[in-house]
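Overview (structure and organization)
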Amino acid sequence: MTRTVVARLALVPLIGGVALVGPVASAAAAPAAVAPLPAAAGTELYVSRSGCVSGGDGSAAAPFCTIAAAAAVVEPGQTVLVQPGDYRESVVISRSGTESAPITFRAMNGPGLSTTVARVGKRLGGNGKEGAFSLRGVHDVVLDGFLAYGDGTAEAVLVDGSSRITLNRLVASEYDAPGAIRITGAAEDVTVSRTSFRPGSGLVVDPGVRGALVTASTFTQSRITVRDAPGTKIVGNTLETDCTLAVDVTGTSPGVSIRNNILETATGALSDAEACGEPSEATAIAVSAGSVAQTVADYNLIEPASGGPLYRWADVEYAGLPEFVAATGQGVHDIAAVPWLRASDATERPYYEIGRNSPAVDSADATAEGVSRTDLLDNPHTDDPAKPNTGTGSGYHDRGAVEAQGPTAVHEMPVRRKVGGGLLDVTVGLSVITSWTTDGPLGKVSRGWSDEPFRRIVPIGPEDHRYRRAGKACETHQVTFNDFRRIYGSPVTTCTVVGAAYTPLAPQRVLDTRAAIGVPGTLPIPANGEVVLALPQIDGVPAADISAVVLNVTATAPTTAGFLRVYPDGTTLPAASNVNFVAGETVPNLVTVPVSNGNLRIRNTAGGTVHVVADLQGYYSAGGAGFRSIAPLRVLDTRSAGNSAFAPNTGRTLDLTGRVPAGTTAVVLNVTVTAPTTSGVLTVHPHGTAVPVASNLNFVAGQTIPNLVMVPVVNGKVAIQNVSSGRTHVVADLSGWFGGGATDLFVPYGPRRVYDSRGEAGEGWPHTPFTSAGVPVPFLDPSRDGTAPRPTALVANLTVTAPTRAGVLTAHPNGSDQPTASNVNYVAGETAANHAIVGVGEDNAIVLFNNSSGFTHMIVDQSGYFIAEAS
């Protein structure tokens with residue numbers, strides 16, 4: 001088909017009371033489908049020094065800047081996730097959880113050096129009454145993973161008059177303070193687990209405290225002091241004191257349990273310990289006379305090389321194990337021998353490992369009250385097959401804070417679509433192989449997903465993830481077997497691509513700059529100006545779950561030539577264009593545009609003003625239907641024998657039964673108006689519904705103009721309405737359908753210019769008459785390994801510019817026969833554009849055919865592409 005009238009001569013009169021873009025509706029007529037959604041509360045609050053927002057709400061998008069800000073609002077059952085950084089503050093926790101819903105503060109430590117450790121503390125070297133954390137009169141609170149410093153005379157962590165408190169995986173340090181951690185004020189049921197104490201005075205349990213538990217923790221040149229605190233349990237710790245007392249139970253503290261510990265009080269190298277200069281000060285375990293009642297010491301491993309007494313029990317010193325056992329009946333399963341400790345090179349979070357030749361291996365009391373489920377490094381208890389099991393229970397718990405582990409191998413499965421899951425569901429596989437028996441999962445993984453701002457620390461294993469939008473889906477992980485105190489291997493990233501399905505809508509006007517719909521006023525868009533169209537939700541689906549929207553965008557009443565660009569808010573202005581116009585012309589075009597934050601930008605690239613109308617046609621998301629692309633099939637031509645032109649202001653039903661399968665929800669039609677006798681608009685809408693305000697094509701007398709239409713189908717039928725006082729012919733080519741068993745999914749990838757025959761600097765050559773050119777279709781291959789799904793169809797805006805003769809542009813799959821259908825109709829000297837969905841053929845390419853006796857330039861601006869659904 002050829003256009004018979006130059007479109008740039010078109011005017012915008014009102015014909016019979018009908019504007020060329022449909023009636024100007026009042027602002028009240030704007031659809032309610034795009035009303036904002038209320039914010040939802042979550043179980044997690046975020047704190048981050050990087051990217052935090054002043055006055056933020058603690059969400060991942062607007063994290064708090066300080067831990068104290070989160071502590072002021074956290075509720076029972078919530079977890080405060082504190083990202084790595086140096087937090088110079090004193091946090092006073094005054095809010096409580098419940099026994100079934102504790103409040104948790106968790107430092108998200110991960111791979112890297114100290115900069116990845118969430119440090120908390122006052123200004124180091126200053127004076128003050130508070131250290132890093134103070135918990136006073138609260139209950140059911142967990143502190144997990146922090147590197148906490150005291151300051152001046154203050155402890156790093158103070159638990160005062162509180163109950164059911166857990167201090168887990170901390171690194172505690174102080175400067176000249178009474179203790180790195182102090183439990184005081186009649187506190188009850190406080191657990192200190194998997195914590196590292198740096199050189200200093202260690203842990204202090206004060207008078208009146210009851211039921212404290214210290215387990216799976218490491219003390220470096222520091223001690224445990226218990227004063228008048230009955231029922232304290234000291235189980236499965238490693239203490240290295242360098243010639244000072246290790247465990248000191250004083251006053252009246254009956255019922256203390258001291259089991260499964262490794263106590264190294266000598267000096268010199270760990271593998272070759274030496275006697276102390278003052279051996280009497282290097283006692284391993286001291287229990288006062290007022291504390292021996294119901295107190296038990298057993299299954300401990302003590303290094304005897306210090307030269308000092310191993311025990312001071314009821315104020316009596318015992319230099320050796322046999323006399324201690326004989327005199328007290330305690331320590332029957334204690335061992336006095338070299339423990340074969342090895343210091344780690346993790347300076348920020350130190351710990352001691354045990355050698356496989358250590359007598360600590362597989363010799364602990366697994367039934368002791370307070371035994372930790374995992375060791376200091378969060379690893380399970382492990383059975384060394386080469387060592388006899390001499391402990392109780394399972395028989396293979398090790399003494400001390402760190403369990404000996406066997407050789408391991410990590411098996412990784414790259415991220416991929418989840419079989420049987422939703423359209424945007426992916427899964428990644430990760431497992432650990434070890435020949436040693438364990439009583440739980442081994443190791444942890446730091447995992448980040450490309451759609452989340454923060455990573456998570458989870459047990460090693462497979463994980464499913466649901467993306468909210470289509471596109472590149474990447475997972476990055478790094479494995480640890482030491483709680484990220486040292487790095488194991490390098491980060492591994494794998495990616496795939498996920499696609500979205502389409503939901504058609506009855507056309508809804510969401511923007512009309514003439515009527516203050518979608519914008520606050522009625523002024524046109526100024527030269528090189530923009531409007532922002534807010535779509536916070538569509539059809540009840542929040543913008544965060546929408547991958548792309550489909551709009552029919554119309555430029556009307558432009559004062560100069562130019563073009564519109566429609567693109568996602570928050571992205572750079574693309575080189576692509578969507579609607580080309582000349583002064584006085586009304587031009588529509590279908591637009592598929594990715595969604596970033598719920599706002600779209602429409603830019604007027606012209607020297608004059610222009611009004612813009614946008615009608616929402618549908619959207620892509622995790623719901624909806626898949627697509628099936630076909631070679632263009634002519635399903636209507638009123639010029640053919642037995643047909644006639646549309647009469648004025650009349651409609652017809654286009655029955656596609658037999659051409660599309662049952663269950664089809666929408667069809668893609670390239671609809672062309674030709675030889676109209678007057679100006680008007682053409683509207684394509686679902687069969688059986690009222691003619692909407694929205695329009696699809698705007699035309700003037702004698703014009704030939706196409707536009708792509710994506711319209712819902714009712715019982716296999718659509719309706720076409722000629723809103724004009726004159727007659728017009730209509731041609732429709734079917735390009736594909738949604739639903740009816742179709743499975744191809746849409747991937748947003750644009751807007752981006754992928755082909756321009758003019759070249760970057762205008763040096764390119766135009767297409768010659770009646771010739772074809774192949775255009776490769778770009779697609780996402782994020783892993784660059786050739787495994788990404790290939791395009792099945794291209795979604796793009798096709799533009800013809802500077803043609804020397806009238807003609808049509810036809811796009812079709814590379815390697816297929818040239819169809820009779822057309823995509824863009826043009827006349828000499830015109831710039832014309834049309835949206836298209838074109839099947840992708842051989843070599844991932846399409847073909848552009850210049851069906852004209854003249855020369856012309858061609859442009860392809862990609863919005864995205866379709867992929868076959870993964871099985």
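Residues numbered from 1 in each chain as written. Predicted model: local features only at pLDDT ≥ 70, side-chain atom pairs only at ≥ 80, totals over all residues. Heavy atoms only, no water.

Concerning the packing of aromatic side chains
Quick reminder of the rule: Here a pair means two rings of Phe, Tyr or Trp (six-membered ring of Trp) with centres within 6.5 Å. Their orientation is stacked below 30 degrees between planes, edge-to-face above 60, and tilted elsewhere. Placement of a charge over a ring requires the Lys NZ or Arg CZ to be within 6 Å of the ring centre, with the centre-to-atom vector within 35 degrees of the ring normal.
Counted under the stated rule, the structure contains 17 aromatic pairs. The structure contains a cluster of three or more aromatic residues connected by ring pairs, namely Tyr502, Tyr620, Phe627, Phe738, Phe746 and Phe866. Here the guanidinium or amino end of arginine 652 rests over the ring plane of phenylalanine 646, the centre of that ring lying 4.4 Å away.

Focus: empty space enclosed by the protein
The following threshold applies: Lining residues are defined by having an atom within 4 Å of a point belonging to a cavity or pocket. Those points lie on a 1 Å grid over the protein atoms alone, cavities being sets where a 1.4 Å probe fits but cannot get out and pockets being open sets with protein on both sides within 12 Å along at least five of seven lines. Grid points are joined across faces, edges and corners, and a volume is the space filled by probe spheres set on the points. Residues are grouped as follows: Ala, Val, Leu, Ile, Met, Phe, Trp, Tyr, Cys and Pro are nonpolar; Asp, Glu, Lys and Arg are charged; all remaining types, including Gly, are polar. Segments assigned H or I by DSSP are reported as helices when at least four residues long, segments assigned E as strands when at least two residues long, and all are numbered from the N terminus.
With the rule as written, the count across this model stands at four cavities of 30 Å³ or more. Forming the boundary of the largest cavity are 17 residues, of which Gly236, Val371, His381, Asp398 and Gly400 lie nearest the centre. Per-class residue counts for the lining of the largest cavity are six nonpolar, eight polar and three charged. Taken as a whole, the second largest cavity holds about 70 Å³ of empty space. Surrounding the second largest cavity, Ile630, Ala631, Pro632, Ser735, Ala811, Pro813, Asn823, Ile837, Val838 and Gly839 form its lining. Those elements giving two or more residues to the lining of the second largest cavity turn out to be strand E54 (627-637), strand E65 (807-813) and strand E67 (832-839). Of the residues belonging to the lining of the second largest cavity, the class tally is seven nonpolar, three polar and no charged.

What about the pairing of strand E2 (residues 79-82)?
Inclusion rule: Here the term buried applies to any residue with accessible area under 20% of the maximum for its type, exposed to any over 50%, and partly exposed to those in between, with areas from a 1.4 Å probe on protein chains only. Strand pairing requires that DSSP identify at least two bridges connecting the strands.
Going residue by residue along E2, you find Thr79 and Leu81 tucked away on one face and Val80 and Val82 tucked away on the opposite face as well. Where strand E1 (residues 44-47) meets E2, four bridges bridge the pair, whose relative direction is parallel. Residue glutamate 44 lies in a different strand from E2, and its bridge partner there is threonine 79. In the sheet, E2 pairs with strand E5 (residues 103-107) via four bridges, with the strands oriented parallel. Across the sheet, residue valine 80 finds its bridge partner in E5, namely phenylalanine 105.

What to know about the environment of glycine 420
Among the secondary structure elements, glycine 420 is positioned in the loop between strand E36 (408-417) and strand E37 (425-434). On the basis of relative accessible area, glycine 420 is assigned to the exposed category, the value being 82%. Separated by 349 residues in sequence, glycine 420 and proline 769 have C-alpha atoms that sit 50 Å apart.

Topic: the pattern of salt bridges
Heads up, the condition is: The term salt bridge refers to a side-chain nitrogen of Lys or Arg lying within 4 Å of a carboxyl oxygen of Asp or Glu.
Summed over the entire model, instances satisfying the criterion amount to 38 salt bridges. A salt bridge links arginine 164 to aspartate 140, with the nearest nitrogen and oxygen atoms 2.7 Å apart. With arginine 164 in strand E11 (residues 163-168) and aspartate 140 in strand E8 (residues 139-144), the pair connects residues that are 24 residues apart, well separated along the chain. Classification of aspartate 140 by relative accessible area gives buried; the value is 4%.

Topic: the sheet that holds E65
For clarity, the threshold we go by: Lines are fitted to the C-alpha atoms to define the axes, a helix being fitted only along its stretch in contact, and any angle between axes, read from their N-to-C directions, falls within 0 to 180 degrees.
Taken in spatial order, the four strands make up an open sheet running E63-E68-E65-E66, and their pairing is antiparallel. Since the sheet does not close on itself, it has two edges, and those belong to strand E63 (772-776) and strand E66 (824-826), each with one partner. Across the sheet, the mean angle from the axis of one strand to that of its neighbour is 20°, orientation sign disregarded. Where E65 lies against strand E68 (residues 845-852), seven bridges are found, and the strand directions are antiparallel. Each residue of the ladder has a partner; that of proline 813, found in E68, is isoleucine 846.

Some points on the state of the cysteines
To keep it simple, the criterion reads: Disulfides are defined as pairs of cysteine sulfur atoms found within 2.5 Å of each other.
Counted by the stated rule, this structure contains three disulfides. Between the sulfur of cysteine 52 and that of cysteine 65 lies a disulfide, 2.1 Å long from S to S. Its S-S torsion of approximately 95° makes the covalent link between cysteine 52 and cysteine 65 right-handed. Taken together, the residues span a long stretch of sequence, with cysteine 52 in the loop between E1 and helix H1 (67-71) and cysteine 65 in the loop between E1 and H1 at a distance of 13 residues. On the basis of relative accessible area, cysteine 65 is assigned to the partly exposed category, the value being 26%.

Concerning the side chain of asparagine 580
The line we're drawing: We call two residues in contact when some of their heavy atoms are within 4.5 Å.
Residue position: asparagine 580 is located in strand E50 (residues 579-581). Here asparagine 580 falls in the buried class, since its relative accessible area comes to 12%. Apart from residues no more than four positions distant in its own chain, asparagine 580 is found in contact with Gly562, Phe563, Glu585, Val587, Thr799, Thr831 and Ala833.

So, unusual backbone geometry
A cis geometry characterises the amide bond from glycine 750 onward to proline 751, with omega recorded as 0°. Here proline 751 lies in strand E62 (residues 745-756). The phi dihedral of asparagine 260 is positive, around 65°, even though this residue is not glycine. Among the structural elements, asparagine 260 can be located in the loop between strand E23 (257-259) and strand E24 (262-264). Assessed through its relative accessible area of 4%, asparagine 260 is described here as buried. In this structure, asparagine 844 is a non-glycine residue whose phi angle is positive, near 50°. Note on placement: asparagine 844 falls in the loop between E67 and E68. Overall, asparagine 844 belongs to the partly exposed group, its relative accessible area being 21%.

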